[in-house]
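Residues per chain are reported as follows:
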Amino acid sequence: MSLDEAGSPVADLIAARRASGSVPGQRSDGARLALVIEGGSARGAYSHGMAMGLEDLGVLNCFDAVYGASAGALNGAWLLCGRANRSRRAWHADVVRRVIDPARALRGGRVVDTRYLVHTVYERIVPMDFAAIVNCPVSFHPIGTDTADGAAVDLHPHITDPASLQRALLATTCLPILAGRSVEVAGRRFVDAGLSESVPIHTALAQGATHALVLRTRRIDEMPSVPSSIETRVVARYLSRHAPGVVQNWIARADQHARDERVLTGDRAILQIHPPRHAPAIGRVGRDSAVLLRALDLGREATLAALPGLTHVTG
């Protein structure tokens, strides 16, 4: 649904819940509101900024569940532990260029070092409160792609403590080739959620969501890039060896995108927030910190524009 369209049932539900002070597990309105956050690697700067806006508005407890794919899961985690704004530091040049480094591929290393991100940045440089996420009454649902059959899998049932949460974050962000081999969770192996459900709206609806606020990382006029024939062959060959169930997903990703858009735009109980039309396009491994920090600000502004009836509760 367009942000220009008045009378959003999602915005109205958020406003009513914030006004009443209702919390998950103690609702009487009969609705289940999901926050759904798209993946996109470095494009996640936009949805991180959107999460910052939600934190500014003090509406976390208005949601019943948070569903995140890849970078979207990381941004959902920051919101759930109350540190979305504080974690802006993670997008500064010294951190970004250590996490994302294409030159490492020449040495056989990971272009995107998610292990450094989760176990160093999120533990010591910009601490994430993993325990708070595990114990939050708003349930957290990072998505992983099963390497055996290509299915989108909700990793929520396997998150029981900070260590298992970190494992789930590694699984949902495991970009094939760029971030290394698949990640094992509960005896199954997973790669990046973007290969099965980059916008995890289907999982949210299947689990009973009646309303959804969806944070997107592409402009409304921005289409997914089409990989070259060489990239297609290289990725398909890699997946056939290390994640055979995902090959068909990779080949049919344009069809999946079209199916997602039909669902996302065909229901008034789904409100999408996109980066503004003038927002710069950001590549999967974009490292320009000035652009990424600007994306945070644009994302935050987009959230505040989408929910104009709410006032800030934080500075």
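Residues numbered from 1 in each chain as written. Predicted model: local features only at pLDDT ≥ 70, side-chain atom pairs only at ≥ 80, totals over all residues. Heavy atoms only, no water.

Caption draft 1: Examining helix α2 (residues 44-57) more closely. Between its first and last C-alpha, α2 extends 20 Å over 14 residues, near the 20 Å set by a 1.5 Å rise per residue. Here α2 lies mainly inside the structure; 14 of its 14 residues are buried. Where α2 ends, the next residue or the one after it, glycine 58, has phi of about 65°, a positive value. (Helix = DSSP H or I, 4+ residues; strand = E, 2+ residues; numbered from the N terminus. Expected span 1.5 Å × (residues − 1). Buried < 20%, exposed > 50% of the residue type's maximum accessible area, 1.4 Å probe, protein only.)

Caption draft 2: Highlighting helix α11 (residues 253-265). With 13 residues, α11 extends 18 Å between its outermost C-alpha atoms, agreeing within 8% with the 18 Å of an ideal straight helix rising 1.5 Å per residue. Inspection of α11 places His257, Asp260 and Leu264 among the buried residues, and these make up the whole buried set. All buried residues of α11 lie within an arc of 65° about the axis, which places them on one face of the element. For α11, the secondary structure elements touched by its buried residues are α8 (201-206), β7 (211-215) and β8 (270-273). (Arc of directions from axis to C-beta. Contact = heavy atoms within 4.5 Å.)

Caption draft 3: Geometry of the nonpolar core. Counting residues in hydrophobic clusters, the biggest one holds 80 residues, and the most contacted among them are Ile14, Phe140 and Leu213. Here this core gets eight residues from one element, more than from any other, and that element is helix α12 (residues 289-306). Discounting chain neighbours no more than four positions away, the residues touching leucine 213 are Val10, Ile14, Leu33, Ala34, Leu35, Val36, Leu54, Phe63, Leu271 and Ile273. In this structure, Ala34, Ala65, Ala204 and Ile270 belong to the second largest nonpolar core, which totals twelve residues. (Core = buried A, V, L, I, M, F, W, Y, C linked by side-chain atoms within 4.5 Å.)

Caption draft 4: Main features of a nonpolar patch on the surface. The grouping of Ile177, Ile230 and Val234 at the surface amounts to a nonpolar patch, some 250 Å² of accessible area in total. Relative to the assigned elements, valine 234 resides in helix α9 (residues 229-242). (Patch = residues over 30% accessible without salt bridge, like charges linked within 9 Å, V, L, I, M, F, W, Y side chains within 5 Å. Areas by Shrake-Rupley, 256 points an atom, 1.4 Å probe, with all protein chains shown as cover. Salt bridge = Lys/Arg side-chain N within 4 Å of Asp/Glu carboxyl O.)

Caption draft 5: Layout of the packing of aromatic side chains. All chains considered together, the criterion is met by one aromatic pair. Judged by centre distance (5.0 Å) and plane angle (80°), the rings of tryptophan 78 and tyrosine 122 are edge-to-face. Here tyrosine 122 lies in helix α5 (residues 114-125) and tryptophan 78 lies in helix α3 (residues 71-80), a separation of 44 residues in the sequence. Judged by its relative accessible area of 1%, tryptophan 78 falls in the buried class. (Phe/Tyr/Trp six-rings, centres within 6.5 Å; stacked < 30°, edge-to-face > 60°.)

Caption draft 6: The side chain of serine 182, seen in detail. Inspection of the secondary structure puts serine 182 in the loop between α7 (162-172) and β5 (183-185). Residue class for serine 182 comes out buried when judged on its relative accessible area of 11%. Not counting chain neighbours up to four residues away, the residues in contact with serine 182 comprise Thr147, Cys174, Arg189, Phe190 and Val191.

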